[in-house]
Amino acid sequence: MDTRQKHPYQSGAGWIWLALFVPLLWWVWNPARRIAIEPMTFVFWHSVVELFAVVVAFLVFVTGFRAMLSTRKGAVVLLGIAFCGVGLLDFLHVMSYSGMPDAITPNTPHKSIFFWLAARMLAAVASLAYVALPPVPRVTVRAKRLALMLMLALVGAVALVGLRWPERVPALFVDGHGLTPMKIGLEWLIVLVNLASLVVLWLRRMQLRDECVVALGFAAALSACSGMFFTMLGVVDTDAANAIGHLYKVAAYLYLFHATFNEALRRPLARMEIQHLREKLVLSSAPDGVIWVDEGGTILMANPAMATLTGYRADELVGRNVDMFLPAHLRDTHARSMRGYFAAPRVRAMDAVELTLLRRDGRLLPVDISLGHWEDDGARHAIAYIRDLSERQMALKEIRDSTQRLALHFQLTPLAVIEWDTNGYVLDWNPAAERIFGYAKSEALALHATDLMPKSAKQHAAPAWASLLSGRDGARTTHENLTRDGRVIYCAWYNTQLVDSDGRVIGVTSLAQDATEQKIAAERLSYLACFDDLTGLPNRTLFKDRLSQAFLEADRKAQQAAVLFLNIDRFQDINETLGHEAGNLLLQATARRLQGCFRSTDTVARFGADEFAVILAEVAHVDDVTRVAQHIVDKFKEAIVIRGRGLFVTFGMGIALYPVDAADVDTILRNANSAMYSAKGVGRNNYQFYSAAMTERATRQLALQTGLRAALDNGELLLHYQPQVDCRTGRIVGVEALLRWRHPDEGMISPAQFIPVAEETGLIVPIGEWVLRTACLQAIAWQRQGLAPMRTAVNLSARQFKDPQFARRVLEILRETGLDGQFLELEITESTLMDGLDSVNAVLHDFKRAGILISLDDFGTGYSSLSYLKRFPIDKLKIDQSFVHDLLTDVSDASLVRAVIAMARALRLIVIAEGVETPGQYEFLRADGCDELQGYHIARPMPAEQVASFVARYNRR
């Protein structure tokens, strides 16, 4: 049970005693086996054992009564005092035993049993109380003495009755008959009390784990065993049961003494030793130096910190005089001061005086010293705590420097720093405050906080000031203020309380910043969040909000609402011809004229560069919308004059109705937009209503998008390859990888249908990576089949270049597949170059360093510019098939093709023509110096498994 006190011999003996109990009890239980001991022999050994028990009881008394530093001092003292009574009662039991000289009255078994039972009952109750009492760490001397007097009085009363009038006590033993039922019952009561002690001890084993729980348990158990033997006495009281019971009682006393000795003396002494070690450790680890000196100044002890302070080891300091820490000219003065201190000793705390200490290396160290004193056997001693002030002095210097820096910040900060008293008057005012509010510091010291406020704000000043003074956190505010010249500015304030060392509010510190420009900018941003900056019309966000309101109003009045989507025809031509500034003027004029076409209840908004949208509220009939659309067409038949030049504006106009065409904002906008594109497809200056056919086309687009997402995962995509021929050798030198989609239900879907969808949704990025990896793997496979290495051309999308990891992925694919970069050709369009000049250029240079060939696809169909060919690392130009198709019949196309070939020659670029479908086209291009050709005349795109055999046949011709 006791995990802290280990006593294997005592525990072993206890278990032996308990193990012998049952056999011994069985042995004495049968009257036939009882052994009577010769009376005089029994009396002698009885007296020896009982006197030993008395000694042990008094030892328990002494150790318990003198207990110290115990958390259960009250219980220990009580047990000790109780065993003082137990010892006295046991002594009276010995003196009154039959065979001993008569004590006052004749000695009888009855008389001795009386004292025996009293002692046993007191011991059992005291043991139960000991294990049951809560911790009482302090017991006064007066309480101990009073308890001892009460115990002696109780024993005296019992002794008086037992010695003077034993016959008045109920019979406990009858000669010739043995023990009476009363005596046996009391023995059993004692046994139960001891067993109760065992139960309480078990329940409180964790609280008593430091108090030799095993010894206490053995004491209670052996006492109970002893009582069991005394219930077995026969006609005489000198039998073996009596002797064994005495032995068990003495053993129980010894275990109890062991427990009380541990609690009263051994553990307190161990705690004192630990305390001594703790104090020694604290002294050794103290950061301050500590020395003890006698009256003559001789050092008796020095802690390790003194080595750091003085440069001497601690053992070198012992026995030397403290004068060694002073310069020679100060030692006499110090000796007189020390004698004066010991003549009238007093405590001196730190910070009373600062001194210097002479170190071993001759350096003077600034220190602070506190002193204490005590006397030991008439000899006076002093203890000095010595603290190194070097760091504190450095810290004070840093504080002074910091204060100077703060003062400099106060002067130079762009924020106004103002200190106010509790009444709101200025106490301090920095130069930034002078610049912001216009008052010099001398003028500001007479200002009140309300002098900086406009009249409209002064009525709120008093409660705001009171709230600031009563709060604990800083307050942030932004409001209008007045300058010295009456100008209204907008300032951001941060105000916080000034408190003294007692926590009382003594004022307020404010930081202020002129936020007028920020406020104007914020208002501007708020305006731009809802309105178009160029035209002043509502933007998309405000338009959608008003459209929601128009829907609610239409529902309330059982009417319709219409959305018109307008896109200016060929606006890009105007920008390119007249410039962006003229284009902006045209947009502004168009916006003004559009607003004149509608009621005040309608909303005209600008959606994009050349897109406008209109909400027609309270539409009673669709004919009303038609009239409005025609009115717009008619209104713009008149030219708009821009910089003296008349410009005619026409629109592609789409119309969608609520709730006929859609029931929510996003859908009706999408439908109106679709209708607008339909109108532009018909021709210029046209308007179209939304129809179900548009929805069908949109549904088709959505189905393509959904199917395309699954196609990549389901293996529905595949590559076909179209050979490319070198015009000089007539041999195939490369192939172009072309993407195909074999739909499980619809069969082959044209790239013209699904490529735009892939571009729009961003699926072109993972699809493009799949195409590149598949084409590279196929090129390696052809080489392993014995086919001569040739270039594989792969088309890239502008969308792929927007991925910052694109270049890294392409190079990783080359490494993973093992294809040499010289056999890969990447085709890009002119629009890709325009989308991100610098970023695209960096990626292309990464490709060039890897040996990859860069080809400019569909050259001549976009915004062709010689600057692109100079700036970008282009290796190859690809003439679009639209120019090749009619080059034999159209002089312009033929001239254009010749010009491209000549330009490529001058720039040392390879030129290839696609769409070669006839022998005439083939010969024309070959004769005019085109490097490579591609088209149906050579071969149609074919699956990968047909390429090797085709190339072999073609090259053998």
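Structure's up top.
Residues numbered from 1 in each chain as written. Predicted model: local features only at pLDDT ≥ 70, side-chain atom pairs only at ≥ 80, totals over all residues. Heavy atoms only, no water.

Colleague: I would appreciate a short explanation of the sheet that holds strand β14 (residues 603-606) in the present structure.
Modeller: Remark on secondary structure: sheet strands pair via backbone hydrogen bonds, oriented parallel or antiparallel. Strand order in the open sheet formed by five strands is β14-β15-β13-β18-β19, and the pairing between neighbours is mixed. Each having just a single partner strand, β14 and β19 (686-689) make up the two edges of the open sheet. Neighbouring strand axes in the sheet, compared pairwise and without regard to direction, differ in orientation by 20 degrees on average. With eight bridges joining them, strand β13 (residues 560-568) and strand β18 (residues 651-658) adopt antiparallel strand pairing. Residue pairing for β18: L566 is matched across the bridge by M653. Along the sheet, helix α21 (residues 622-635) makes contact with β13, β15 (611-619), β18 and β19, crossing β18 at roughly 165 degrees. (Pairing = 2+ DSSP bridges. Helix = DSSP H or I, 4+ residues; strand = E, 2+ residues; numbered from the N terminus. Axes fitted to C-alpha atoms, helices over the stretch in contact; angles between N-to-C directions. Contact = heavy atoms within 4.5 Å.)

Colleague: I'm lost on the state of the cysteines in this one. Help?
Modeller: Two cysteines form a disulfide when their sulfur atoms are joined by a covalent bond. The tally for this structure, following the rule as stated, stands at zero disulfides. The thiol of C727 is not disulfide-bonded; the next cysteine sulfur, from C930, is found 5.1 Å away. (Disulfide = S-S within 2.5 Å.)

Colleague: Can you help me understand the sheet that holds strand β9 (residues 426-429) in this one?
Modeller: The strand order across the open sheet built from five strands is β9-β8-β12-β11-β10, with neighbouring strands paired in antiparallel fashion. Each edge of the open sheet carries a strand with a single partner, namely β9 and β10 (475-482). Shown here is a sheet whose adjacent strand axes are inclined to one another by a mean of 30 degrees, direction ignored. Pairing geometry for β10 and strand β11 (residues 488-499), over eight bridges, is antiparallel. Each residue of the ladder has a partner; that of T477, found in β11, is W493.

Colleague: How should the side chain of Q560 be read in this particular structure?
Modeller: Looking at the element boundaries, Q560 is found in strand β13. Residues within four places of Q560 in sequence aside, it is in contact with A554, A617, E618, V619, A620, H621, V622, L657, Y658, P659 and V660.

Colleague: Explanation requested: the pattern of salt bridges in the structure shown.
Modeller: Side chains carrying opposite charge are able to pair once their charged atoms draw close together. Inspection of the entire model under this criterion finds 36 salt bridges. Where E932 meets R791, a salt bridge forms, and the shortest distance between an N and an O atom there is 2.6 Å. Linking E932 in strand β28 (residues 932-934) with R791 in strand β23 (residues 791-795), this pair joins segments that are 141 residues apart in sequence. Accessibility classification places E932 together with R791 in one group, the buried group. A cluster of three or more residues bridged by salt bridges with shared partners is formed by E769, R773, D803, R809 and E816. (Salt bridge = Lys/Arg side-chain N within 4 Å of Asp/Glu carboxyl O. Buried < 20%, exposed > 50% of the residue type's maximum accessible area, 1.4 Å probe, protein only.)

Colleague: What exactly am I supposed to notice about helix α4 (residues 109-132) here?
Modeller: Two residues of an α-helix separated by three or four positions point the same way, owing to the 3.6 residues in each turn. Across its 24 residues, α4 extends 34 Å between first and last C-alpha, which sits within 8% of the 34 Å expected from 1.5 Å per residue. A large share of α4 lies buried, amounting to 18 of its 24 residues. (Expected span 1.5 Å × (residues − 1).)

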